[in-house]
Amino acid sequence: MSIELKSVSKQFGEVAAVNNVTFSVNEGELLALLGPSGGGKTTVLRMIAGLEVPTEGDIYIRGQRVNDIKVQKRNIGFVFQNYALFQNMNVFKNIAFGLKIKKWKSADIKARVRELLELLGLEGLDKRYPHQLSGGQRQRVAIARALAPKPSVLLLDEPFGAVDAKIRQELREWLVRLHHDLNVTTLFVTHDQEEAMEVSNRIVIFSRGNLEQIGTPRDVYEQPANEFVARFIGVMNVLELEVFKNVGRAGELQFPAPGYADGERIRIGFRPFSVQISSDLNQFPYQAVVRQTYFLGVMLRLELELESGLLLRSRMSKEEYANLALYDGKKVSLQIRNYRILSREHEPLGPELTAPEKSSLFVGEGI
Amino acid sequence: MAGYVKRSRQTNGHTASKGGTEESPFFKWLLITVALLFSILFLLLPLVNVFAQALSKGWQAYWTALSEPDAWAAIKLTLLVAAITVPLNVVFGLAAAWAIAKFDFRGKSLLNTLIDLPFSVSPVVAGLMYVLLFGLQGYFGRWLADHEIKIIFAVPGIVIATIFITFPFVARELIPVMQATRSEQEQAALTLGATGWQTFWRVTLPSVKWGLLYGIILCNARAMGEFGAVSVVSGHITGQTDTMPLRIEKLYQEYNAAAAFAIASLLALLALLTLGIKTFLEWKQERDYERAQRAAESYEDSTAPTSREPEITAVRSQP
Ligand SMILES: Nc1ncnc2c1ncn2[C@@H]1O[C@H](COP(=O)(O)OP(=O)(O)O)[C@@H](O)[C@H]1O
Ligand SMILES: [Mg+2]
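Residues numbered from 1 in each chain as written. Chains lettered and ligands numbered in written order. Predicted model: local features only at pLDDT ≥ 70, side-chain atom pairs only at ≥ 80, totals over all residues. Heavy atoms only, no water.

*Asks:* How do you make sense of the side chain of T241 of chain B when you look at a structure like this?
*Replies:* All names here are of chain B. Secondary-structure assignment places T241 in the loop between α12 (228-234) and α13 (244-253). Within polar-contact distance, the side chain of T241 engages the backbone oxygen of S234 at 2.9 Å. Not counting residues up to four positions away in its chain, the partners in contact with T241 are L77, F153, A154, I158, S234, G235, H236 and L246. (Helix = DSSP H or I, 4+ residues; strand = E, 2+ residues; numbered from the N terminus. Polar contact = N/O pair within 3.5 Å; in protein donor to acceptor, adjacent residues only side chain to side chain. Contact = heavy atoms within 4.5 Å.)

Here it is in structure tokens:
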């Protein structure tokens, strides 16, 4: 176990930035701390680094309790959100800083810096000052500087926040490769769920100081612990149903709702993937029209309008789209395969349910 | 602080007026002429006159006036006072600026106000404060006399009064620059293993060096030029406790204008030099600041929220 947080809380005066958070990071793992801004991610990272002292709880790095160990002695590499490069030092001196402090021999320092410049594709930039670098280069210098003293853990705060969208994609892939090559335990903070899903082995999801869920990208997408996670990760269709005689209705859509009183309102959610579409108008129970198609790389997102005017989102591959011969304005039939009944935001979600055939809903209704 | 913040504001104001309403050329030239005439009449002319007067009896007399033993003693004393005062105020100024810029503590606003005290107290009053403390009739006067320590009417008094007068210069210059240095750079140094001291020497100090130098030369100029406070505590003992400004005044009172202006020309030279260095440092500092801004900009630009697929709540467009 590389890093462990046990019941860690942090108060800033009245503000509870982090509430009773427990999780651990495996050796060599690439872990994302994900959540909306103000969720406490930076604070968690800073507590691990020793830049902030937890109000309560314990932090362990490689089995050693580090609460009372100073930041200088924790042997972590920290990459700040705005990089915090030393403005008065050139790239070489920035990267060499930690090594000089640790009193490495100057020949060793040179060799190590060369190695890092090469690893991070910064050759030839060693004489430049931070203000002479592009955003992406600055970021790599910051990472090189953090990696130079061979830290046991690498902590990155919003590493892709400061570069434009085009380079961001490259940098993601590059971080994954770097992590693969160096195999150093890495925690990075992001507010971008796509980024977290794409880059990390596991994701820790924060909101308002609380740990909502920890799991693999697949886990949190397919088995969200609560509505917050379900809505934060990926896209979700959310419907409000009114229950009548154990059936919840929204427009023409109907879902079984046993155990709810007549007139009660419940909400359900389902992923775009759960919306199944057919060109055969009789195959599925509901009729709809394709309103809009968005092309997102290999995937497509469709907006569908039901006869009652309800709008749903669906997602499919380009292939599937071609097979169904869809176009905007085309009439289709659809059904919703899996859905969940949503409770309050941070309470555990019920299991995923499978929608029955439309006709079965009416069993017993006529009695 | 003055150079740092004010200048960038001036630039802003300038561009704003350019893009705004155009003044009539007549009005513009009138303003410029008035400003120029005023500066020449009240600033440049008197300064030039100092040199003209100093040299009115020729180079020979000028040189004699400067090398005369009492004048020479005054020059040496002035240099000595500056040599003690400036380093001490650099240390005090750094400590005070560091404390104010980097920490929150009780009494912070009090300290902030105290730093400005010498600016608002009349120098004569400042001198008198020390006479009341250390003079023969003062609180510590008896004790000092018993131990044969002489402060008032001696060099230590002059040094103390000068320290008081020049205290704000370094601190006031440093506080805004220190506040502007992102403390993340310092935290980055800590995560790389640097101690507090190492961080100070290697990261903080280099990033405030122009502001510090600026403070030092202002402090030095004032330390050499101070008259009021020093006049009260010095005792005017010719050849012993006369600094250059005191010596100038004395010579002038003795109707020895040429000799007075000879020494005055040295102080005026110092002033010109100070002005030159100050301008240079301001330029340096502004350039560094702009670079830092530019470095930070690319960060600000791109922290705008990334496009996340908006989640829809299925809506009903008709009942
Ligand atoms: N030094 C601080 N002093 C006071 N409040 C703070 C401080 N740092 C963070 N906070 C507060 O703690 C909460 C979490 O902040 P942060 O950890 O930066 O969130 P995130 O990185 O997820 O955006 C926010 O409400 C923030 O205002
Ligand atoms: Mg943050």
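*Asks:* Help me understand the environment of A261 of chain A in this model?
*Replies:* All names here are of chain A. As for its placement among the helices and strands, A261 is situated in the loop between β13 (253-256) and β14 (265-270). Overall, A261 belongs to the partly exposed group, its relative accessible area being 44%. The sequence separation of A261 and V21 amounts to 240 residues, and the corresponding C-alpha distance is 38 Å. (Buried < 20%, exposed > 50% of the residue type's maximum accessible area, 1.4 Å probe, protein only.)

*Asks:* Before we go on, may I ask you to explain the site of ligand 1 in this structure?
*Replies:* Residues and elements named next belong to chain A. As a structural note, the neighbourhood of ligand 1 is formed by F12, V15, A17, P36, S37, G38, G39, G40, K41, T42 and T43. Between G38 and ligand 1, the recorded distance is 2.6 Å, taken from a backbone N or O atom to an oxygen atom. A distance of 2.6 Å separates an oxygen atom of ligand 1 from a polar atom in the side chain of T42. Coverage of ligand 1 by the protein amounts to 59% of the 560 Å² it exposes when considered alone. If one sorts the elements of the shell around ligand 1 by residue count, helix α1 (residues 41-49) sits on top with 3 residues. (Near = heavy atom within 4 Å. Areas by Shrake-Rupley, 256 points an atom, 1.4 Å probe, with all protein chains shown as cover.)

*Asks:* Explanation requested: the packing of helix α2 (residues 91-101) of chain A against helix α3 (residues 106-119) of chain A in the structure shown.
*Replies:* Two quantities define a packed helix pair, namely the angle between the helix axes and the distance between the axes. Residue and element names in this part refer to chain A. Closest axis-to-axis distance for the α2/α3 pair is 10 Å, and the angle between their directions is 125°. The pairing of α2 with α3 is recorded here as oblique in orientation. The two elements α2 and α3 cross, and the hand of that crossing is right-handed. Here V91, F92, I95, A96, L99 and K100 of α2 lie close against α3, whose contacting residues are I109, K110, R112, V113, L116 and L117. Of the residues in the contact of α2 with α3, the class split is 9 nonpolar, no polar and 3 charged. (Axes fitted to C-alpha atoms, helices over the stretch in contact; angles between N-to-C directions. Parallel < 35°, antiparallel > 145°, perpendicular 65-115°, else oblique. Left-handed = near helix turned anticlockwise from the far one by under 90°. Nonpolar A, V, L, I, M, F, W, Y, C, P; charged D, E, K, R; others polar.)

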